[in-house]
Amino acid sequence: MEYMIGADIGTTSTKAVLYDLKGNVKAYANVGYPLYQNVPDMAEEDPDEIFEAVVEVLGKVMRKGHVQAGELQGVSFSAAMHSLILMDRNHQLLTRAITWADNRAAKYSNELKANGLGYEIYQHTGTPIHPMAPLSKIIWLRHEQPNLFKQAAQFIDIKTYVFQKLFHTYKMEYSIASATGLFNIFNLDWDQQALEVAGITRDQLPELVEPTAQITGLDTTYSQETGISSDVPFIFGASDGVLSNLGVNAIDPGVLAVTIGTSGAVRVVVDKPVVDPNGRLFCYALTKDKWVVGGPVNNGGIVFRWVRDQLFAPEKLTAEQMQVSTYDLLTQIAEKIPAGSDGLLFHPYLGGERAPIWDSDARGSFFGLTRQHTRAHMVRAALEGIVYNLYMVMLMIEGVAGKPKSIQATGGFARSELWRQMLADIFEQDVTIPESFESSCLGAAVLGMYSLGLVDDLSAVKDMIGVTNVHEPKAENFDVYRELIPIWIRLTRELSPEYSAIADFQRRHMQVKEATKD
């Protein structure tokens, strides 16, 4: 037998899947780790806890799969985007991993937007100006923690940290680099203007390599711990978002991938880098010849979780006692409400928002509440609000990549028949659900197979994703959604000027409460 490992370093856990060369799953492992949020807007992780998780999952799939010497062809990686880690001259950590969800650089992102520099930089980096991006985080650290900033010899991401521990070299592939706000997507090099604005030099950043680049010589310690021979090639791989597109076979032009897990994204593949004239869409590398254009959303399944915990606590307890899924129960409740929730609208911005509005101060709201509305209306409106937000992202993508020809939907939400139908009805298109398992891991594995010459083309993934289900839109719901969506979009624009005021109020009162506790 011949095998390939696809590993995904995620925000909440690291996963590894052992595949045969036909894409069949032979073993799986998942190890989680905490997110540290000690102060408002913080979202950090411990790089060493993540590294230990990587070593553990690699070892687990090797043992579970009973992989013999010579059977493993390679290990290929996916990773979450936008993380930032500072290293000193002795290769020691100066910071934890500051994740995409960290909003402490919001002030400096806003300044970049206001002075026009942000727009200029976006035009050649393809990374929207937002506190998620390492560009903004580096500026924030330079101003807020200057002593720490001066000690930094390297500014890296979590995947680079893992590879540095495994192979003792600082290298970053184009895909992760294209999500930093520091990388010129048109000449495939660090962007001089972005470096000057950040206040760093190119020798403080890793060497750039292609996503298909390979490295051998795994450190002996980790070779023994994982059971992976030091001569097995590791492929640098790409970011989780673009590899998810590959993992669900959404790599042909016009095939839209819609993913909702805790957060979500809408993405389409194009054959060369493009940017949005309004600076609202990302453009990230999959390979030199395939680029993924789209928008990430903060508020996906996390909104459903909030509805469950805050509005349906009794039902949650009942479901736990009956050993059934609370989400399935809430879906059944929402199904009894007609499309459009009888005019109740919900803006799902519980944690700020990236696409489509790129406002870290955005806040959630119900609009149109009457005495006739119930909690059942509220849960359906919340689910519809998530999809309205995704629809807005799709409209922006249409402006640079044309109208989508088909939709592939993935993520935890894809298990819900109601959500799949909402997506089809609101987007007015068939929605296909691939039976892909851990799509980013599969995407990483296929990219690794391509790098090693084990498949001729990335399109080989189409034979690996398994059975698909198709949901057709219900025409009887079109008129309701066509009337409500413009209202929802207008409200988004009307509320936008007030988001910063209410967010500032909330932060100040949170600080007072924290001070009172002390």
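Rules used throughout
Think of each chain on its own: its residues are numbered from 1, step by step along the sequence as written. Per-residue local features are limited, in this predicted model, to residues with pLDDT of at least 70; the limit for side-chain atom pairs, both in listing and counting, is 80 or more; totals at the level of whole chains, interfaces and linings are taken over all residues. Water and hydrogen atoms were dropped before computing side-chain values, which therefore reflect all heavy atoms in the structure. Every case where a carboxyl oxygen of Asp or Glu lies within 4 Å of a side-chain nitrogen of Lys or Arg is listed as a salt bridge. The helix and strand labels rest on DSSP assignments: H or I over at least four residues marks a helix, E over at least two residues marks a strand, and numbering proceeds from the N terminus. Under the scheme applied here, a residue whose accessible area is under 20% of the maximum for its type counts as buried, over 50% as exposed, and between as partly exposed, the area being computed with a 1.4 Å probe on protein chains only. Put simply, buried Ala, Val, Leu, Ile, Met, Phe, Trp, Tyr and Cys residues joined by side-chain atoms within 4.5 Å make one nonpolar core. The contact criterion used throughout is that any non-hydrogen atoms of two residues lie within 4.5 Å. Two strands are counted as paired when DSSP detects at least two bridges linking them. To define axes, lines are fitted to C-alpha atoms, for helices over the stretch in contact only, and angles between the resulting N-to-C directions are given on a 0 to 180 degree scale. Pairing of aromatic rings covers Phe, Tyr and Trp, the last through its six-membered ring, and needs centres within 6.5 Å; plane angles under 30 degrees mean stacked, over 60 mean edge-to-face, and all others mean tilted. Only Lys NZ and Arg CZ are tested; either one counts as a charge over a ring when it is within 6 Å of the ring centre and within 35 degrees of the ring normal.

(A) Spotlight on the pattern of salt bridges. Applying the stated rule across the entire model yields 21 salt bridges. One salt bridge connects Lys60 with Glu56, and the closest N-O pair in it is separated by 3.2 Å. With a gap of four residues between them, Lys60 and Glu56 both fall in helix H1 (residues 47–64), about one helical turn apart. A residue is classified by how much of its surface remains accessible, and Glu56, at 36% relative accessible area, is partly exposed. As a salt-bridge pair, Asp189 and Arg202 come within 2.6 Å of each other at their nearest N and O atoms. Taken together, the residues Asp189 in strand S11 (residues 189–190) and Arg202 in the loop between helix H8 (192–198) and strand S12 (207–209) connect sequence positions 13 residues apart. When its relative accessible area of 40% is taken as the criterion, Arg202 is described as partly exposed. Through salt bridges with shared partners, a single ionic network connects Glu44, Arg96, Asp102 and Arg104.

(B) Up close: the nonpolar core. Ranked by internal contacts, the top residues of the largest apolar core, which has 170 residues, are Ile5, Leu72, Leu182, Ile228, Phe234 and Phe427. At 15 residues, the largest contribution of residues to this core is made by helix H14 (residues 375–401). Residues in contact with Leu182, not counting those within four places in the same chain, are Thr125, Leu135, Ile138, Trp190, Asp191, Ala194, Leu195, Ala198, Ile200 and Leu205.

(C) Quick look at the sheet that holds strand S5 (residues 72–79). Strand order in the open sheet formed by six strands is S3-S2-S1-S5-S14-S13, with mixed pairing between adjacent strands. If you trace the sheet from one side to the other, it starts and ends with strand S3 (25–32) and strand S13 (214–215), each paired once. Here S5 pairs with strand S14 (residues 234–239) via four bridges, running parallel. In the strand pairing of S14, Ala79 is matched with Ser239. Sheet strands touched by helix H10 (residues 240–247): strand S1 (3–9), S5 and S14. Its angle to S14, the strand with the most contacts, is close to 95°. Against the sheet, helix H16 (residues 439–451) contacts S1, strand S2 (13–20), S5, S13 and S14, and its axis sits at roughly 130° relative to S1.

(D) Quick look at unusual backbone geometry. In the segment running from Ala355 into Pro356, the intervening peptide bond is cis, with an omega of 5°. Of note, Pro356 is situated in the loop between strand S19 (345–347) and strand S20 (365–367). Despite not being glycine, His168 has its phi angle at roughly 60°, a positive value. Residue placement: His168 occurs in the loop between helix H6 (158–167) and strand S9 (171–173). Positive phi values are uncommon outside glycine, yet Ser341 reaches one of about 55°. Turning to its location among the elements, Ser341 is positioned in the loop between helix H13 (326–335) and S19. Residue Ser341 is classed as buried on the basis of its relative accessible area of 0%.

(E) Layout of the side chain of Gln429. Mapped onto the elements of the fold, Gln429 is located in the loop between helix H15 (417–427) and strand S22 (431–434). Aside from chain neighbours lying at most four places away, what touches Gln429 is Lys403, Pro404, Lys405, Ser406, Ile407, Ala424, His471 and Pro473.

(F) View of the packing of aromatic side chains. Taken as a whole and assessed by the stated rule, the structure comprises 20 aromatic pairs. Measuring from centroid to centroid gives 5.0 Å for Phe51 and Tyr222, while their planes differ by 85°, and the two rings are edge-to-face. On the criterion of sequence distance, the pair formed by Phe51 in helix H1 and Tyr222 in helix H9 (residues 220–226) is long-range, its members being 171 residues apart. An aromatic cluster is present here, built from Phe77, Phe163, Phe167, Phe234 and Phe236 joined pairwise through their rings. Lying over the aromatic face of Tyr36, Arg96 brings its terminal NZ or CZ to 4.4 Å of the ring centre. Above the face of the Phe51 ring, Lys165 is positioned so that its terminal group lies 5.2 Å from the ring centre.

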